[in-house]
Amino acid sequence: MAIILQSSSFLISCNSVPSTSSCSCRRGLIRASINIPNNQKLKISLPKIQRRARPGQQQELISGCSTISTSSSSPIEKQFSPSRRSDPLIIEKLYAIKEAIADRVEMHRNIGEQRSQWNNMLLTSINGITLAAATMVGIAASSGDPILGLKMSSTLMYLAATAMLVTMNQIQPSQLAEEQRNATRLFQDLHNQIETTLSMGHPSAIDVKAAMDKVLALDKAYPLPLLGVMLEKFPSTVEPAVWWPQQRRRQPKRATDNGNDWNGWNGKLEEEMKEIMGVLGKKDQEEYIRLGEKALKMNKFLAISGPWLTGLAAVGSALAGHSTHGSWAAMLGIVGGALATVVNTVEHGGQVGMVFEMYRSNAGFFQYMQESIESNLTETEMDRRENGEVFEMKLALKLGRSLSDLRDLAASSSCKAEDLDEFASKLF
C-alpha cells in the first residue's frame, strides 16, 4: 500500500513540473511488481498523464532547437548559405553563351577547312586550264596551217582561266581560311574563359554582358558569309585586326586580401607596364604593320598580273596565224600562259593573302596587349583592376617570357629608350 501511495505522489509531482521535465519523465517507464491479495479491492483515482505537450510548448521546443542548430552551424554551412550562392539565372545564361561559342568554334573550323580546300582546288584547276591552253597554242602554231579548233579551244580556255582568276583573286581563299583559323582560336579562348569564370564561382551580370560583347565583336571581326560582309582583301592602308569590344566595361569590385588596398599593384609595376606598352607599340606593332604593307603590295601586284597575262594570252591565241605577226601572237599566247601559271602559283600556292592576314592579326594582338595594360593603368580604383601579379604573369606568358625576363625588358627600355633593338614578343 505504501508503494502505491509513493507512486501516486511521484506521478502527481511529475505532472506539476514544466513540459520539459514531464517529457523526461515520460521517457522512462517505471515498472513495479506489487502483490495484493485478491480479496481486497482498492479504488485509487490517479491523475491522467499528459502524453503530448501543448501546441505552445511544442513551438517553444522547436524554436529552441532551431536556435541551437543555427548558432552551432559550421563556417562551411555559412559559406553555402542562400545569400552567398550564385544566381541560377546568371549561370544558365553563361552556359547558353558557352554552348553558342562551342557551336561557332565548330562552324569556323569546318568553313576554314572548306576554304583551304577551295584554294588548293582552284589553284590546281586554273593552272591546268592555263597550261592546256598554252599547249594548244603551241601545237597550232607549230603546224603549217593553224588548226581553227585548237585556236578556238585555247582562246576559250584562256578566257575561262581569266574569269576564274579574277574571282579567286577577289575572295582570296587562303586569306579567308586564315581568318577562320584565327576566329576558331579566339572563340576557343573565350570558351575557356567562361569555363574558368564558372569554375571559380559567383559569376555576375557583368560577366554575362562582357561575354556577349566579346561574342558579337568576334562575329563582326571574322564574318562567315562572303557576300556583303566579307572583309576587304585589298585595303588602302593596313590596320590591325580588332576582335574585342572597343568600349570595355568596368570590372566589378574585388575584395582585397590581408587589407592590401593595392590589389597586387605598386609604383614599380606600373612603371614596368608603361615601358612594356611602349615597346609593344614602337617595335612589335610597327614591325608587323610594315610587313603587312609589303605583303599587301605584293598581293596586289600578283592579283593584277595573273588575269592580265591570261587575257593577253587569249588575244595571242586568237590572232595566231591570221596576220604577218602570227608567230609573235602565238608566242604571246604560249609565254603569257606560262607566266600566268607562275604568277598564280606564287600568289595562291605561296598563300600571300594568308601571310598578309597573319601580319594584320599579329599587329592586332599587340594592340590588344597595349589596350589591356592601358585599361588597368587608367583605372583609379585599385579594386576594379585585375590583380597586378596575375596580370603580369599573363602578360609574360603571352609574350613568351619569364617574369624576370619581362622585368629586364622594362629596365632595358627605360635605359635605352629609342635605341632598343629587342622586341617584346618572343613567340612571333
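In what follows, the structure referred to is the one given above.
Residues numbered from 1 in each chain as written. Predicted model: local features only at pLDDT ≥ 70, side-chain atom pairs only at ≥ 80, totals over all residues. Heavy atoms only, no water.

K.L.:
Residues and numbers for the overall build of the chain, please.
P.N.:
A tally of helices and strands in the chain yields 13 helices and 0 strands. In the chain, the order of α-helices and β-strands from amino to carboxyl end is α-α-α-α-α-α-α-α-α-α-α-α-α. Classification of the 428 residues of the chain by burial places 36% in the buried group. Long-range pairs, those at least 24 residues apart, make up 83% of the contacts in the chain with a sequence separation of at least 6. Only carbon and sulfur atoms are counted for the fraction: they give 59% of the accessible area of the chain, which is about 25600 Å². (Helix = DSSP H or I, 4+ residues; strand = E, 2+ residues; numbered from the N terminus. Buried < 20%, exposed > 50% of the residue type's maximum accessible area, 1.4 Å probe, protein only. Contact = heavy atoms within 4.5 Å. Areas by Shrake-Rupley, 256 points an atom, 1.4 Å probe, with all protein chains shown as cover.)

K.L.:
Before we move on, can you summarise the pattern of salt bridges with the specific residues and values?
P.N.:
Within the structure shown, the criterion is met by 15 salt bridges. Between Lys394 and Glu386 there is a salt bridge; the shortest N-O distance is 2.8 Å. A residue is classified by how much of its surface remains accessible, and Glu386, at 19% relative accessible area, is buried. Across the pair Arg407 and Glu392 runs a salt bridge, and its minimum N-O distance is 3.0 Å. In this pair, Arg407 sits in helix α13 (residues 403–416) while Glu392 sits in helix α12 (residues 388–398), placing the two residues 15 residues apart along the sequence. For Arg407, a relative accessible area of 39% gives the class partly exposed. Residue classification places Glu392 among the buried positions, given a relative accessible area of 6%. Salt bridges here are not isolated pairs; linked through shared partners, they connect Arg401, Asp405, Glu422 and Lys426. (Salt bridge = Lys/Arg side-chain N within 4 Å of Asp/Glu carboxyl O.)

K.L.:
So what's going on with a nonpolar patch on the surface? Residues and values would help.
P.N.:
A grouping of Val390, Met393, Leu397 and Leu403 is seen on the molecular surface, where their side chains present a nonpolar patch of about 340 Å² in accessible area. For the nonpolar patch, the leading source of residues is α12, giving 3 residues. Judged by its relative accessible area of 34%, Leu403 is partly exposed. (Patch = residues over 30% accessible without salt bridge, like charges linked within 9 Å, V, L, I, M, F, W, Y side chains within 5 Å.)

K.L.:
Quick rundown of the packing of helix α9 (residues 267–319) against α12? Include the residues and the values.
P.N.:
Between α9 and α12, the least distance of the axes is 12 Å, while the angle of their chain directions is 25°. Regarding the angle of α9 to α12, the classification is roughly parallel. Crossing hand, α9 versus α12: left-handed. Contacts from Leu269, Glu272, Met273 and Ile276 of α9 reach α12 at Gly388, Phe391, Glu392 and Leu395. A class-by-class count of the residues in the contact of α9 with α12 yields 5 nonpolar, 1 polar and 2 charged. (Axes fitted to C-alpha atoms, helices over the stretch in contact; angles between N-to-C directions. Parallel < 35°, antiparallel > 145°, perpendicular 65-115°, else oblique. Left-handed = near helix turned anticlockwise from the far one by under 90°. Nonpolar A, V, L, I, M, F, W, Y, C, P; charged D, E, K, R; others polar.)

K.L.:
Before we move on, could you go through the nonpolar core and cite the residues and values that matter?
P.N.:
With 49 residues, the main nonpolar core has Trp243, Met273 and Ile276 as its most contacted residues. Looking at this core, the element that brings in the most residues is α9, giving 9 residues. Tyr158, Ala313, Ala314 and Ala330 belong to the second largest nonpolar core, which has 8 residues in total. (Core = buried A, V, L, I, M, F, W, Y, C linked by side-chain atoms within 4.5 Å.)

K.L.:
Talk me through α13; I want residue IDs and the actual numbers.
P.N.:
Residues spaced three or four apart along an α-helix face the same direction, because each turn holds 3.6 residues. Its 14 residues place the ends of α13 20 Å apart at the C-alpha level, agreeing with the 20 Å of an ideal helix rising 1.5 Å per residue. Every buried residue of α13 is listed here: Asp405, Leu406, Leu409, Ala410 and Ser413. Take α13 and look down its axis: the buried residues cluster within an arc of 145°, on one side only. Residues of α13 that are buried sit in contact with α9 and α12. (Expected span 1.5 Å × (residues − 1). Arc of directions from axis to C-beta.)

K.L.:
I'd like to hear about the packing of helix α5 (residues 88–142) against helix α6 (residues 148–171), residue by residue, with values.
P.N.:
A pair of packed helices is characterised by two quantities: the angle between their axes and the separation of those axes. Interaxial distance between α5 and α6 falls to 8 Å at its minimum, and their mutual angle equals 155°. One finds that α5 runs roughly antiparallel with respect to α6. You can see that α5 and α6 cross each other, and the crossing is left-handed. Residues of the contact of α5 with α6, tallied by class, amount to 18 nonpolar, 5 polar and 1 charged.

K.L.:
Lay out unusual backbone geometry in plain terms, naming residues and giving numbers.
P.N.:
Positioned with a positive phi, Asn263 is a non-glycine residue whose angle comes to about 55°. Accessibility expressed as a relative area gives 9% for Asn263, which makes it buried. A positive phi is found at Gln351, a non-glycine position, where the angle reads about 50°. One can find Gln351 in the loop between α10 (326–349) and α11 (352–377).

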